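Letter by letter, the chains look like this.
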Amino acid sequence: MLSVVENGLDPQAAIPVIKKKLVGSVKALQKQYVSLDTVVTSEDGDANTMCSALEAVFIHGLHAKHIRAEAGGKRKKSAHQKPLPQPVFWPLLKAVTHKHIISELEHLTFVNTDVGRCRAWLRLALNDGLMECYLKLLLQEQARLHEYYQPTALLRDAEEGEFLLSFLQGLTSLSFELSYKSAILNEWTLTPLALSGLCPLSELDPLSTSGAELQRKESLDSISHSSGSEDIEVHHSGHKIRRNQKLTASSLSLDTASSSQLSCSLNSDSCLLQENGSKSPDHCEEPMSCDSDLGTANAEDSDRSLQ
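As the structure is a computational prediction, the values presented were derived from the model and not from experiment. (Residues numbered from 1 in each chain as written. Predicted model: local features only at pLDDT ≥ 70, side-chain atom pairs only at ≥ 80, totals over all residues. Heavy atoms only, no water.)

**Brief notes about the pattern of salt bridges**
For the structure on display, the rule yields 7 salt bridges. For Glu55, the salt bridge goes to Arg123, with nearest N and O atoms at 2.8 Å. Placement of Glu55 in helix H2 (residues 45-59) and of Arg123 in helix H5 (residues 114-128) is noted, with a sequence separation of 68 residues between them. Judged on exposure class, the residue Glu55 and its partner Arg123 are both buried. Overlapping salt bridges bring together Glu55, Arg119 and Arg123 as one network. (Salt bridge = Lys/Arg side-chain N within 4 Å of Asp/Glu carboxyl O. Helix = DSSP H or I, 4+ residues; strand = E, 2+ residues; numbered from the N terminus. Buried < 20%, exposed > 50% of the residue type's maximum accessible area, 1.4 Å probe, protein only.)

What follows is the structure, encoded as structure tokens:
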């Protein structure tokens, strides 16, 4: 196991940095995609930044016993390069995840580490529009959070948890198809580790990072598309069926202690995925305002005709 790297962010100082990255990336995605009938993919830099910020949320404040000193993948490190810390919280995620999702993630061909399953889980949750619901369940598991996180962790702060839940509602206006079957996910990258305080922020060179992210996106795309075996295609097809169906309490009930909580939370409108992506009540107000403007214009035309 590994302790926090020297010169990393103080736990309290890391929280506003994570939130700033998260807010900025989601706003950028909304500005770009909310008026388009297109999905957000791993090719988008803002999508990768958002994923890194969300990963940092789950990494922040983890107990040292859940942080491994060496990566589980096979990527070779140079002699002068220290291995990046590898936080693992896959058992925690399994406690709030349906068994068929767990089975799919544990049988992915190219994702074969618990780190990879954590990162794949996050992207699949975004694809399915269930990130808010999962987080709501997780925040109710206080005993498990106490086991995994320090008291100063973001996920153990009640106010920060409420902020995340309300903020994630903004994702319902977006549709995601992020790559989650790539071997590149088997190890943590520097960005989420630095945001969470496990690595110094000074190691994030803007020039080198942009190049690295470009390579990472190309790798995600090439590997995910080249892995089109029959087995993976069947999984992908099944995933699409789930996206196009309403997710109800009965179809997502858990064989865990969180089963009843998930059934209750999934009865809310925010946890139902409709055919073209779920919409929150807040976003339903936008077309209504457009209709009201249209009605005003029609009334003015009628006045002119009468005159």
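**Some details on the side chain of Asp44**
Within the secondary structure, Asp44 sits in the loop between strand E1 (40-41) and H2. At 2.7 Å, the side chain of Asp44 and the side chain of Tyr33 are in polar contact. A polar atom in the side chain of Asp44 sits 2.7 Å from the backbone nitrogen of Asp46. (Polar contact = N/O pair within 3.5 Å; in protein donor to acceptor, adjacent residues only side chain to side chain.)

**Observations concerning the nonpolar core**
Core analysis: the biggest nonpolar cluster contains 68 residues, and Met50, Phe58, Phe89, Leu126 and Leu155 have the highest contact counts within it. A total of 9 residues in this core trace back to one element, the largest contributor, which is H2. Residues within four places of Leu126 in sequence aside, it is in contact with Met50, Cys51, Leu54, Met131, Leu171, Phe176 and Leu178. (Core = buried A, V, L, I, M, F, W, Y, C linked by side-chain atoms within 4.5 Å. Contact = heavy atoms within 4.5 Å.)

**Thoughts on the confidence of the model for the protein**
When pLDDT is averaged along the protein, the result is 73; 59% of the residues meet or exceed 70. Across residues 1-6, where pLDDT falls below 50, the model places 18 contacts with residues more than four positions away in sequence or in other chains. (pLDDT = per-residue confidence, 0-100.)

**A few points about the packing of aromatic side chains**
Counting across every chain of the model gives 5 aromatic pairs. Plain terms: the ring middles of Phe58 and Phe89 are 5.8 Å apart, the flat faces sit at 15 degrees to each other, and that makes the pair stacked. Placement of the pair is Phe58 in helix H2 and Phe89 in the loop between strand E3 (86-87) and helix H3 (90-94), with a sequence separation of 31 residues. Note on accessibility: Phe58 and Phe89 belong to one class, buried. With 5.7 Å between their ring centres and 85 degrees between their planes, Phe58 and Trp121 make a pair best called edge-to-face. With Phe58 in helix H2 and Trp121 in helix H5, this residue pair connects regions lying 63 residues apart in the sequence. (Phe/Tyr/Trp six-rings, centres within 6.5 Å; stacked < 30°, edge-to-face > 60°.)

**Some words on helix H4 (residues 99-106)**
The complete set of buried residues in H4 reads Ile101, Ile102, Glu104 and Leu105. All buried residues of H4 lie within an arc of 160 degrees about the axis, which places them on one face of the element. (Arc of directions from axis to C-beta.)

**A look at the packing of helix H1 (residues 11-33) against helix H8 (residues 158-168)**
Each pair of packed helices can be described by the angle between their axes along with the distance between the axes. At a minimum axis separation of 12 Å, H1 and H8 run at an interaxial angle of 10 degrees. One way to sum up the angle between H1 and H8 is to call them roughly parallel. Contacts from Ile15, Lys19, Leu22, Val23 and Val26 of H1 reach H8 at Glu160, Phe163, Leu164 and Phe167. Each residue belonging to the contact of H1 with H8 can be placed in one class, and the counts come to 7 nonpolar, no polar and 2 charged. (Axes fitted to C-alpha atoms, helices over the stretch in contact; angles between N-to-C directions. Parallel < 35°, antiparallel > 145°, perpendicular 65-115°, else oblique. Nonpolar A, V, L, I, M, F, W, Y, C, P; charged D, E, K, R; others polar.)

**Details of H2**
Over its 15 residues, H2 runs 21 Å from end to end, which matches the ideal 21 Å to within 8%, given 1.5 Å per residue. Among the 15 residues of H2, 12 are classified as buried, and the element is accordingly described as predominantly covered. Along H2, the residues classified as buried are Ala47, Asn48, Met50, Cys51, Ser52, Ala53, Leu54, Glu55, Ala56, Val57, Phe58 and Ile59. After H2 finishes, the residue Gly61 shows a positive phi value of roughly 80 degrees. (Expected span 1.5 Å × (residues − 1).)

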